[in-house]
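Read off the chains here:
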Amino acid sequence: MTRNRSSHLLLVLLVALAALLPAAAAKADDARAVRPILVLNLDGAIGPATADFVHRRLEQAQARNAGLVVLQLDTPGGLDTSMRAIIKDILNAPMPIATWVGPSGARAASAGTYILYASHIAAMAPASNLGAATPIAIGGAAPSQAPEDRPAGKEQGASAVDAPHLKAVNDAAAYLRSLAQLRGRNADFAERAVREANSMSAQEALHAHVIDLIATDVADLARQVDGRKVALASSTVELHTAGAPIEQINPDWRTALLAVVSNPMIAVVLMMLGVYGLFIEVIHPGMALPGVAGAICLLLALYAFQLLPVNWAGVGLILLGFALMIAELFLPTFGVIGVGGIVALVAGALMLFDPEVPGFGIPTGFVVLLAGSSALVIFGVGSLALRARRRPVVSGRRALLGALGTVTTVVEGETWAHVVGESWRVHSPASLHPGQKVRVVAIDGLILEVVVADVDRS
């Protein structure tokens with residue numbers, strides 16, 4: 001009896017085990033299932049368009065259950081706000097993020113170094129480099145000097161002048177060091193990259209434990225990281241990337257449009273076009289198209305300025321310059337206000353963005369072209385428009401005043417004359433006869449008051 005019960009219990013356990021084995025095997029297969037690798041191409045300065053592109057594509061990668069996202073990076077740097085937005089997305093990503101500085105010859109300078117440090121896997125292509133992560137303060141704060149480089153007796157003054165820059169450097173150094181500590185990478189180089197603008201080649205970075213590996217391409221990267229365990233924000237995952245399908249994702253039309261709008265030179269041109277359009281609409285009302293186009297361009301410019309780290313004093317000087325050049329058309333200042341407007345425009349454009357911020361400066365040649373074209377458009381188009389406004393009216397009832405005509409019919413007290421291509425009933429204090437030349441002096445309803453014209457009779 002006992003043997004029968006034991007046999008029965010053993011049979012039940014075997015059946016249960018047989019039922020659980022396929023489920024466990026399926027779960028293991030799901031865990032090791034090959035999932036796609038998405039490659040986001042980040043080429044150029046890091047700006048609002050880049051941050052938007054990365055954010056949307058990481059959401060797409062999560063929806064597609066991507067096994068790995070690779071940021072293919074080649075950048076001279078960019079804006080601090082956009083860089084930090086990208087890093088926040090990396091730190092909170094539910095999937096592993098690898099940054100690969102490539103292809104060969106690429107660089108991860110300035111903002112690129114921070115993104116590389118923040119990634120779960122840091123990789124570089126041969127003959128690439130990283131570093132030079134010293135922040136540049138918008139507004140022109142000068143880099144601080146080392147104490148031994150400062151002139152004697154100037155320590156207090158130098159410290160006062162350099163305080164904003166030192167605060168930015170200290171903040172950036174602490175930020176990059178925290179990323180290095182989070183990922184277990186070389187924190188000393190992170191400090192030097194910020195404070196001393198140090199740089200490293202790919203091979204040096206590998207030996208110094210700044211990066212995890214050197215890969216010739218994304219497929220090589222996928223082979224090398226296969227089987228590696230990566231700690232995410234809330235879990236640890238094992239990568240199964242060998243032979244996984246690789247999909248390149250390039251910026252779409254939205255990213256391209258945002259990149260164009262947030263380009264500093266394009267933003268300034270949009271502001272110019274906005275002012276031109278509104279100016280033409282004011283001096284020549286009723287055209288509609290210049291006013292509508294100008295308003296759209298001005299709103300796009302303001303949107304771009306909201307995205308970019310602009311110096312609003314520069315924006316004010318540019319608008320003042322436009323206002324002064326427009327005022328020159330109406331005031332007899334013999335060019336004084338106009339020249340002042342050009343000077344204000346040039347000064348505002350030069351201080352609008354820091355030229356040392358990679359990819360976000362305005363070249364001096366562009367500023368000169370901007371000032372010249374603005375002066376030409378406002379003085380040229382404005383003068384023509386004002387001249388047109390001052391011309392005598394050549395249509396409508398007012399155009400009849402002073403017009404010459406020829407008497408055609410005098411019948412039963414009614415006199416008719418041919419004036420400006422039409423036949424009009426006319427009245428004159430003097431007697432008139434057919435063929436006589438008359439001049440219109442007033443209009444009374446549909447009757448023209450005329451006088452005999454002082455011209456030779458034919």
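Residues numbered from 1 in each chain as written. Predicted model: local features only at pLDDT ≥ 70, side-chain atom pairs only at ≥ 80, totals over all residues. Heavy atoms only, no water.

1. Side note on the overall build of the protein
Applied cut-off: A run of DSSP states H or I qualifies as a helix once it reaches four residues; a run of E qualifies as a strand once it reaches two. Both are numbered from the N-terminal end. Buried residues are those whose accessible area, probed at 1.4 Å on protein chains only, stays under 20% of the maximum for their type, while exposed residues exceed 50% and partly exposed ones sit between those limits. Any pair of residues with heavy atoms lying within 4.5 Å of one another is described as a contacting pair.
Looking only at helices and strands, one finds 14 helices and 16 strands in the protein. Classification of the 458 residues of the protein by burial places 41% in the buried group. Considering only contacts in the protein between residues 6 or more positions apart, those separated by 24 or more positions represent 64%.

2. Comments concerning the side chain of Ser-82
Considering the arrangement of structural elements, one finds Ser-82 in helix α3 (residues 80-91). By relative accessible area, Ser-82 is classed as buried at 5%. Ignoring sequence-local partners within four residues, the contact set of Ser-82 consists of Ile-46, Gly-47, Pro-48 and Ala-51.

3. Some details on the sheet that holds strand β2 (residues 68-74)
Rule in force here: Think of it this way: DSSP has to see at least two bridges between two strands before they count as a pair.
Here six strands make up an open sheet; going across it, the order is β8-β5-β3-β2-β1-β11 and the pairing parallel. Each edge of the open sheet is held by one strand with a lone partner, namely β8 (213-214) and β11 (246-249). Here strand β3 (residues 97-101) runs beside strand β5 (residues 121-124); their pairing, made up of four bridges, is parallel. Paired with Val-101 across the bridge in β5 is Met-124.

4. Concerning the pairing of β5
Because side chains alternate across β5, one face comprises the buried residues Ile-121 and Ala-123, and the other comprises Ala-122 and Met-124, equally buried. Both β5 and β8 contribute to a ladder of two bridges, which runs parallel. Across the sheet, Ala-123 pairs through a bridge with Leu-213, a residue of β8.

5. Notes on the packing of aromatic side chains
Where we set the bar: Only Phe, Tyr and Trp rings are paired, with Trp represented by its six-membered ring, and only when their centres lie within 6.5 Å; those with planes under 30 degrees apart are stacked, over 60 edge-to-face, the remainder tilted.
Across all of its chains, the model carries three aromatic pairs by this definition. Arranged with centres 6.0 Å apart and planes meeting at 85°, the rings of Tyr-276 and Phe-322 form a pair that is edge-to-face. Note that Tyr-276 is positioned in helix α10 (residues 264-283) and Phe-322 in helix α12 (residues 312-328), a separation of 46 residues in sequence. Judged by relative accessible area, Tyr-276 falls into the buried class, the value being 10%. Note on Phe-305 and Trp-312: the rings are 6.1 Å apart at their centroids and 85° apart in plane angle, and the pair reads as edge-to-face.

6. Notes on helix α9 (residues 253-261)
Quick reminder of the rule: The arc in question is the one traced by the directions running from the helix axis out to the C-beta atoms.
Among the residues of α9, Thr-255, Leu-258 and Val-261 are the ones counted as buried. Buried positions in α9, seen along its axis, are confined to an arc of 130° and lie on one side of it. In this fold, the buried residues of α9 make contact with α2 (48-63), α10 and α11 (289-307).

7. Comments concerning the sheet that holds strand β7 (residues 199-201)
Rule in force here: Geometry is summarised by axes, namely lines fitted to C-alpha atoms with helices restricted to the contacting stretch, and by angles between N-to-C directions that run from 0 to 180 degrees.
Reading across from one edge, β4-β6-β7 is the order of the three strands in this open sheet, with mixed pairing throughout. Both edges of this open sheet fall to β4 (107-109) and β7, since each of them pairs with a single strand only. When the angles between neighbouring strand axes are averaged without regard to direction, this sheet yields 15°. For β4 and strand β6 (residues 129-131), the ladder comprises three bridges, and the chain directions are parallel. What sits directly across from Arg-107, in β6, is Asn-129. Contacts between helix α4 (residues 111-118) and the sheet are confined to β4 and β6, with β4 contributing the most and set at about 100° to the helix.

8. A few points about the packing of α12 against helix α13 (residues 336-352)
Let me state the cut-off plainly: In these notes the angle categories are as follows: under 35 degrees is roughly parallel, over 145 is roughly antiparallel, 65 to 115 is roughly perpendicular, and the rest is oblique. Put simply, a crossing is left-handed when the front helix is turned counterclockwise from the back one by less than a right angle, and right-handed when it is turned clockwise. Polarity classes work like this: nonpolar for Ala, Val, Leu, Ile, Met, Phe, Trp, Tyr, Cys and Pro, charged for Asp, Glu, Lys and Arg, and polar for all others, with Gly in that last group.
Where α12 meets α13, the axes come as close as 7 Å, and the angle between the chain directions of the two elements is 160°. One way to sum up the angle between α12 and α13 is to call them roughly antiparallel. You can see that α12 and α13 cross each other, and the crossing is left-handed. Residue composition of the contact of α12 with α13, grouped by class: 17 nonpolar, six polar and one charged.

9. Topic: the environment of Gly-321
Looking at where Gly-321 falls in the secondary structure, it is placed in helix α12. Given the relative accessible area of 0%, Gly-321 is considered buried. Each residue touching Gly-321, except ones within four places of it in the same chain, is listed here: Gly-341, Ala-344 and Leu-345.

10. Quick word on the pairing of β2
The criterion, for reference: By definition, the crossover connecting two strands over a helix is right-handed if that path, from the first strand to the second, turns clockwise as seen with the strands pointing away from the viewer.
Most of β2 sits out of view: six of its seven residues are buried. The sheet contact formed by strand β1 (residues 37-43) and β2 spans seven bridges and is parallel. Opposite Ile-37, over in β2, you have Leu-68 as the bridge partner. Once the chain exits β1 it traverses α2 before rejoining the sheet at β2, and the crossover so formed is right-handed. Read from β2 through α3 to β3, the crossover connection turns out right-handed.

11. Some thoughts on the packing of α10 against α12
α12 packs onto α10 with a crossing angle of 30° between their chain directions and a minimal axis gap of 12 Å. By the angle between their directions, the pair α10 and α12 is classed as roughly parallel. For the crossing formed where α10 meets α12, the hand is right-handed. Contact with α10, carried on its side by Met-271, Met-272, Val-275, Tyr-276 and Phe-279, involves Val-315, Ile-318, Leu-319, Phe-322 and Ile-326 of α12 and no other residues of that element. Tallied by class, the residues present in the contact of α10 with α12 amount to 10 nonpolar, no polar and no charged.

12. Regarding the nonpolar core
Heads up, the rule is: Nine residue types can take part in a nonpolar core, namely buried Ala, Val, Leu, Ile, Met, Phe, Trp, Tyr and Cys, and a core is a set of them joined through side-chain atoms within 4.5 Å.
With 53 residues, the main nonpolar core has Tyr-114, Leu-130 and Val-210 as its most contacted residues. Counting residues per element, this core draws most heavily on helix α5 (residues 155-183), which supplies seven residues. Residues Val-275, Phe-305, Leu-308 and Met-325 belong to the second largest nonpolar core, which totals 29 residues.

13. A short note on unusual backbone geometry
Following Gly-102, the chain continues to Pro-103 via a peptide bond in cis, the omega torsion being 5°. Its location among the elements puts Pro-103 in the loop between β3 and β4. A positive phi angle, near 50°, is found at Ala-132, a position not held by glycine. Position of Ala-132 among the secondary structure elements: in the loop between β6 and α5. When its relative accessible area of 32% is taken as the criterion, Ala-132 is described as partly exposed.

All quantities given are derived from atomic positions and should not be read as evidence of function.
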